[in-house]
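Each chain, letter by letter, is given below.
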Amino acid sequence: MSAALSLRPSASLPPTVVAAAGLRKRFGRNEVLKGVDVVIKGGRVTAVLGPNGAGKSTLIKCILGLVRADSGSLTVNGALVDDDPSHRADLGYMPQLARFPENLTGRDVVHLLRDLRGDALPEDDELFHALGLVPELDKPVRTLSGGTRQKLNAAVAFMFRPSILILDEPTAGLDPVASGIFKEKIARARDEGRSILLSSHVLSELDDLVDDVVFLLDGRVEFQGSLRRLREVTGQHRLERAIARLMQRGIR
Amino acid sequence: MNAAKVLRYELQDLRRSRWVFGYGLLLLTLTDALLRFGGGGPRALVSLLNVALVLVPLVSVVFGTMYLYAARDFIELLLAQPVRRLELYAGLYAGLALPLALAFVLGVGLPFVWGGQGDGSLARPLAMLLAAGVLLTLAFTAIAFLVSLVFEDRTRGFGVALLLWLAATALYDAGLMFVTMTWSDYPLELPLLGLTLLNPVDLGRVLLLLQFDNAALLGYTGTVFERFFGSALGIAVSAGALLLWCAIPLWLAGRRFVRKDF
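Residues numbered from 1 in each chain as written. Chains lettered and ligands numbered in written order. Predicted model: local features only at pLDDT ≥ 70, side-chain atom pairs only at ≥ 80, totals over all residues.

### Re the overall build of chain A
Then comes step 1: When helices and strands are tallied, chain A shows nine helices and ten strands.
Then comes step 2: Relative to its length of 252 residues, chain A is compact, with a C-alpha radius of gyration of 18 Å against a globular reference of 18 Å.
Then comes step 3: With the C-alpha coordinates aligned to their principal axes, the bounding extent of chain A is approximately 55 × 40 × 35 Å. (Helix = DSSP H or I, 4+ residues; strand = E, 2+ residues; numbered from the N terminus. Rg over C-alpha atoms; globule rule 2.2 N^0.38 Å.)

Set out below in structure tokens:
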């Protein structure tokens, strides 16, 4: 996968797909985002990392329009994120937990999302086949195992060919085989020029996939840049170690 | 448009739900039994009313809250689609309230139809019972929305839902009785009238009891209502107040849904 990385042309500067400036969010007395400035570049895999409570989910939910920032600006593909829901047509979202209404089947869920999005594009059903979901689609969701539901969750995120994929802890509930298929899919999406934004705790699993890193600590961006730069800055080759080094630095 | 799409899928979900089915079946059995063994006529209707006034708010608010907490993750996924929040809310609300209202109408109405009592003198009170049940369903489903949106913690939300039900069906009347006994030397009719308007369950009761001419059925609040407003105006006022009980929680919950951080 790193070979594919180096083959990509680096002459043209990648466009900015998500830009946050001075993003602040407070839940009651708890200030979760304390002025976050983030630029996410197109055609790359960006990992949002940080310990629990650092503000990863809140940042992701701000981009999705699920959470409204108190102040600061946020644009997705150049359009300001506000009450207008149309920017979400560019986004594919895979939430951390896949819980669907229990009496619906996978096919019902797929149809509902298709109806709501009204996209004319031919859908991407590759993951449904690759993850072996097709025979499960007509069963009520409540009878599916947690892993199968998570697969459905992943397949649905890719289905509408969004230009930006937002994956919250994507490999958490997937078995190793599914996880491998899923990672290949992410790499291919990147090579097609789409942008992937993911948050994850399981760092080593994603080492070979990540181009850029946004490291959040206590509501602030502690580090932002390419994986190579992160390695230079921390003197650590493995992402896991590099992050550990960043955390120590932040605590000091 | 989008509201209708969400509504359709939620209907599909709830149509297959054994809870809603069980609720309808319970009402059906109860109504049938009351019609057969409850003396028939107005007496069966009044017994039915008392059951409905307890059961409808309980199922609407408790099942509604439970359903919404369980659907929280799915609602988040829907909110991440290019859809306006208000449309989603409208679809979700209708998708929850309509199956419950339908279960009530069928569960109570069908035994009257096959018992051959759906016409004649009972038609009007029966229609009013069905209307009151539907309005109570709409009101308490909206309250369920409000509870699930205000309380993040589902255990607490569940407790609040139960407490609200208890307050509306039992505690409120106990309070009214206490007021009546304590200040029995004073003219209490007007204050009681106002207090009755504040409780949707009492409104449902008054709405139906005003259909009967038999003063013994009316109870205290009913009598006060009839004396003050007369039957026709009394019905209009209590129906109007009950509609407000649907509209205000629905509006509050909708506002909250649109502004909330999920």
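### Describing the packing of helix H6 (residues 123-150) of chain B against helix H7 (residues 154-182) of chain B
All names here are of chain B.
Then comes step 1: It is at 9 Å that the axes of H6 and H7 come closest, and there the two elements cross at 145 degrees. Handedness of the H6/H7 crossing: right-handed. Two secondary-structure elements touch here, H6 through Ile-143, Ala-144, Val-147 and Ser-148 and H7 through Gly-157, Val-160, Ala-161 and Leu-164.
Then comes step 2: Residues belonging to the contact of H6 with H7 are distributed by class as follows: six nonpolar, two polar and no charged. (Axes fitted to C-alpha atoms, helices over the stretch in contact; angles between N-to-C directions. Left-handed = near helix turned anticlockwise from the far one by under 90°. Contact = placed C-beta atoms within 7 Å. Nonpolar A, V, L, I, M, F, W, Y, C, P; charged D, E, K, R; others polar.)

### Details of the sheet that holds strand S8 (residues 195-199) of chain A
Residues and elements named next belong to chain A.
Then comes step 1: If you trace the six strands from one edge of the open sheet to the other, you get S6-S7-S8-S3-S9-S10, paired in mixed fashion. The open sheet is flanked by strand S6 (91-94) and strand S10 (220-226), the only strands paired with a single partner. Taking the axes of each pair of neighbouring strands and ignoring which way they run, one obtains an average angle of 15 degrees across the sheet. (Pairing = 2+ DSSP bridges.)

### As for the sheet that holds strand S1 (residues 16-27) of chain A
Then comes step 1: Pairing in this open sheet of four strands is antiparallel, and the strands run S2-S1-S4-S5 (chain A) from one edge to the other. In the strand order of this sheet, the two ends are held by strand S2 (30-41) and strand S5 (79-80) of chain A, each with one partner.

### Notes on the nonpolar core
Then comes step 1: Judged by nonpolar contacts, the single largest core of 151 residues is most densely connected at Ile63(A), Ala155(A), Ile166(A) and Leu129(B).
Then comes step 2: It is H6(B) that provides the largest number of residues to this core, a total of 16 residues.
Then comes step 3: Discounting chain neighbours no more than four positions away, the residues touching Ala155(A) are Leu127(A), Phe128(A), Leu131(A) and Leu133(A). (Core = buried A, V, L, I, M, F, W, Y, C linked by C-beta atoms within 7 Å. Buried ≥ 20, exposed ≤ 12 C-beta atoms within 10 Å, placed from the backbone.)

### Re the confidence of the model for chain A
Then comes step 1: Per-residue confidence for chain A averages 84 on the pLDDT scale, and 91% of its residues sit at or above 70.
Then comes step 2: Counted against residues more than four places away or in other chains, residues 1-11 of chain A, with its pLDDT under 50, gives seven contacts. (pLDDT = per-residue confidence, 0-100.)

### Topic: the packing of H6(B) against helix H9 (residues 200-209) of chain B
For any two helices packed against each other, the geometry comes down to the angle between their axes and how far apart the axes lie.
Residues and elements named next belong to chain B.
Then comes step 1: The contact between H6 and H9 brings their axes to 9 Å, and the two run at 170 degrees. Compared by their axis directions, H6 and H9 come out roughly antiparallel. For the pair H6 and H9, the contacting residues are Pro-125, Met-128, Leu-129, Ala-132, Leu-136 and Ala-139 in the first and Pro-200, Gly-204, Leu-207 and Leu-208 in the second. (Parallel < 35°, antiparallel > 145°, perpendicular 65-115°, else oblique.)

### Observations regarding the pairing of S10(A)
Residue and element names in this part refer to chain A.
Then comes step 1: Sheet topology note: the strand S9 (residues 212-217)/S10 ladder contains six bridges and is antiparallel. Residue pairing for S10: Leu-216 is matched across the bridge by Val-221.
Then comes step 2: From the end of S9 to the start of S10, which pair antiparallel, there are two residues, and Asp-218 there has a positive phi angle of about 55 degrees.

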